[in-house]
Amino acid sequence: LVLSLAWLGPALGGEDEDEEVIEEEEKEKKEDEVLSDEIKEEDNVLVLHEHNFARALSEHQLLLVEFYAPWCGHCQRLAPAFAQAATELRNESSPARLGKVDATAQTTLATEFGITSYPTLKLFRDGNRTHPREYTGRMDSQGIVRWMQRRAGPSATLLQDTDTIAAFISSQDLVVIGFFKDLRGEAAQAFFEVAAEMVDLTFGVAEAAELFQEYGLSADTVCLFKKFDEKQTNFPVDPARGLDMAELTQQIRVHSLQLVMEFTNETSNQIFSAKIPHHMLLFLNTSSPEQLSLRDGFRAAAGGFRGEVLFVVVDVTGHGADVLPFFGMTAADAPTLRLVKMKNNRKYQMEQDDFSASAIGTFIQAVLDGKVKPHLLSAEPPEDWDTRPVKVLVGKTFEQVAFDETKNVFVKFYAPWCPHCQEMAAAWEELAERYKDREDIVIAEMDSTANELEDITIRGYPTMHYFPAGPGRKMVEYKGSRDVDTFSKFLENGGTLPEEPPVSEVRGQPPCPGWSPAPAG
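What you are looking at is a predicted structure, and each value in this text was computed from that prediction instead of being measured. (Residues numbered from 1 in each chain as written. Predicted model: local features only at pLDDT ≥ 70, side-chain atom pairs only at ≥ 80, totals over all residues. Heavy atoms only, no water.)

(A) Seen up close, the overall build of the protein. Counting its regular elements, the protein contains 17 helices and 21 strands. When each of the 521 residues of the protein is scored for burial, the buried share is 46%. Taking the contacts inside the protein whose residues are at least 6 apart along the sequence as the reference set, 68% of them involve residues at least 24 apart. (Helix = DSSP H or I, 4+ residues; strand = E, 2+ residues; numbered from the N terminus. Buried < 20%, exposed > 50% of the residue type's maximum accessible area, 1.4 Å probe, protein only. Contact = heavy atoms within 4.5 Å.)

(B) Just helix α15 (residues 395-402), in detail. Where α15 is concerned, the buried positions are G395, T397, F398, V401 and A402. With its buried residues spanning 145 degrees around the axis, α15 presents them on a single face. Of the surrounding elements, those touching the buried residues of α15 are β17 (391-393), β18 (408-414), β19 (441-447) and β20 (463-467). (Arc of directions from axis to C-beta.)

(C) Broad picture of the packing of aromatic side chains. Scanning the entire structure with this criterion turns up 30 aromatic pairs. Ring centres of F113 and F124 lie 5.1 Å apart, and the angle between their planes is 75 degrees; on these two criteria the pair is classed as edge-to-face. Taken together, the residues span a long stretch of sequence, with F113 in the loop between α5 (107-112) and β5 (120-125) and F124 in strand β5 at a distance of 11 residues. Looking at F124, the relative accessible area reads 0%, which means it is buried. One aromatic cluster in this structure is built from F410, W428, Y466, Y478, F487 and F490. Cation over ring: R151 sits above W147, and NZ or CZ is 3.7 Å from the ring centre. Residue placement shows K412 over the ring face of Y414; its charged tip is 5.2 Å from the ring centre. (Phe/Tyr/Trp six-rings, centres within 6.5 Å; stacked < 30°, edge-to-face > 60°. Lys NZ or Arg CZ within 6 Å of the ring centre and 35° of its normal.)

(D) Up close: the sheet that holds strand β4 (residues 96-102). The six strands lie next to each other as β1-β2-β4-β3-β5-β6, forming an open sheet whose pairing is mixed. Two strands bound the open sheet, and with one partner strand each, they are β1 (40-42) and β6 (133-134). Along the sheet, helix α4 (residues 73-91) makes contact with β1, β2 (45-48), β3 (62-68), β4 and β5, crossing β4 at roughly 150 degrees. Helix-sheet contacts for helix α6 (residues 141-152) involve β3, β4, β5 and β6, and the interaxial angle to β3 is about 145 degrees. (Pairing = 2+ DSSP bridges. Axes fitted to C-alpha atoms, helices over the stretch in contact; angles between N-to-C directions.)

(E) Representation of the nonpolar core. In terms of nonpolar packing, the biggest core is built from 23 residues, with V176, F180, F191, F203, L243 and I252 touching the most fellow members. Secondary structure elements with two or more residues in this core: β8 (174-179), α8 (186-197), β9 (202-206), β10 (221-226) and α10 (245-256). Top contributing element to this core by residue count: α8, with six residues. For V176, the residues in contact, after removing those within four places along its chain, are F168, F191, L201, T202, F203, G204, V222, C223, L224 and I252. (Core = buried A, V, L, I, M, F, W, Y, C linked by side-chain atoms within 4.5 Å.)

(F) The side chain of Q106, seen in detail. Mapped onto the elements, Q106 comes out in the loop between β4 and α5. Overall, the relative accessible area of 13% leaves Q106 in the buried class. For Q106, the residues in contact, after removing those within four places along its chain, are L48, H49, E50 and V101.

(G) Local environment of the environment of I252. With respect to the element layout, I252 can be found in helix α10. Ignoring anything within four residues of it in the chain, the contact list for I252 reads V176, V194, M198, L201, F203, L224 and F235.

(H) Structural context of unusual backbone geometry. Put simply, A334 and P335 share a cis peptide bond, and its omega is 0 degrees. Here P335 shows up in the loop between β14 (309-315) and β15 (336-341). The omega angle of the peptide bond from Y461 to P462 is -15 degrees, so this bond is cis rather than trans. The residue P462 is located in the loop between β19 and β20 in this model. Notably, D126 is not glycine yet its phi reads approximately 55 degrees, a positive angle. Residue classification places D126 among the exposed residues on the basis of a relative accessible area of 55%. At K275, a residue that is not glycine, the phi angle is positive and equals roughly 55 degrees. Considering the arrangement of structural elements, one finds K275 in the loop between α11 (268-273) and β13 (278-284). Its relative accessible area of 66% is what places K275 among the exposed residues.

(I) How the structure looks around the pattern of salt bridges. Summed over all chains, the structure comprises 30 salt bridges. Linking R438 and E492 is a salt bridge whose minimum nitrogen-to-oxygen distance equals 3.7 Å. Here R438, found in the loop between α16 (419-435) and β19, pairs with E492, found in helix α17 (residues 484-492); they are 54 residues apart in sequence, far enough to count as distant. With a relative accessible area of 48%, E492 lands in the partly exposed category. One salt-bridge network, held together by shared partners, links R133, R151, E193 and E197. (Salt bridge = Lys/Arg side-chain N within 4 Å of Asp/Glu carboxyl O.)

(J) Spatial organisation of the packing of α16 against α17. One way to put it is that α16 packs onto α17 with a least axis distance of 9 Å and a crossing angle of 45 degrees. Comparing their axes, α17 and α16 come out oblique. Considering how the two elements wind past one another, α16 and α17 form a crossing that is right-handed. Across the interface between the two elements, M424, A427, W428, E430, L431, R434 and Y435 of α16 pack against V484, D485, F487, S488, L491 and E492 of α17. When its residues are assigned to classes, the contact of α16 with α17 shows eight nonpolar, one polar and four charged. (Parallel < 35°, antiparallel > 145°, perpendicular 65-115°, else oblique. Left-handed = near helix turned anticlockwise from the far one by under 90°. Nonpolar A, V, L, I, M, F, W, Y, C, P; charged D, E, K, R; others polar.)

These results come straight from atomic positions and should not be treated as a statement about function.
Shown next, in the form of structure tokens:
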């Protein structure tokens, strides 16, 4: 009976016609929804498109919009935090709201706001769509909430008398107070902008003459009050130049850190977000009293390099155990010293560790003056490194393979923990299989977390470089799609692509932030 109905249904008509009508009605309904300026919500996030975007801007004083792509892994990971932040802001009746735009479907909006990567977050204030502000906060729910709260209300608390300011200073381990004779002046307004950006710190502001006198000030000054190291650090405002926001931000970042930091889960974000160009690390086993005593000389050397070099103590048996592989070390190597140049992760070490303040200072100055060569990591080459289709390179063998004048060498630099590297591993193997019988082409890979090169800095994973045959040390960075056919076109065209895909479709995994074990978020 079922089989009979299955073939009789179409013959009799009716059912299929009904289904077609229903499908057509649903299609028309969806089109009407898209064309409408009605604003729907998903988990308290406004769902925006080109027909309701203007309405959303007019109805919400502060609107943070995420431009996303449905296929983007970064967007998928952000989604729960973004929804949680939207809910928190909604529950506290904040004027700030969150919205989202599928930039792959709403191409008109994506073009208008110059969206080239995902996710991109932009803040729209007071209905202005011509000058949205880039989001600069952390990509987690609390980071988003705090960033929006600073923009919804005053970014700094007004302090009007000595009792209030004293209580404010004692309320936190660290507070920033701007003393300005005119709170409507340019310097004060720049200070409010800095306070709005630095959401992890507490800011106050004062203009009363008695408060200037109370803290020994005679002109506009930003003061950092701490319960550690020096208790008050002053940053006078230059009357001629005014208040430089970038300069003040960096000064606050530098001086809000302890002179010598302990590397812990709680301090790691502070350490790397301070953007201090060099880090001097003392690796210790903190269970050893003898090793703990080495901190005295380390601290004594730190004062002379503040702002240029950040001094950090790393416990090799605690949180610091995770960073040891980055230095090619084990816990047994402690105590020892390393200096890291943050812009390229180059590491420097003494010929023989000397923990006195004078020796540490002399070593650091020699590195800063360019008189010390970096210490480069290299794993040992596997015995079968050149027998498989994908050749396995290490620091020691890289030069002889990559710069072989008779070969065109295509190298993938990767990190074992990187999801993007894992996703393209099969394509790289397939590419190597395709060219394994070509004498003039080598497909290779190198683990950049275990191997370092003096003249090549890897800033994201995976990174692919092509080293063409012939004289000279030529190198071409590959920026195309990560699939076998595009790789092959690149090789067949001698290291170029006829037409490269948009950059927005290719996102790399950033390397570890400095010498931290966790990938940057």
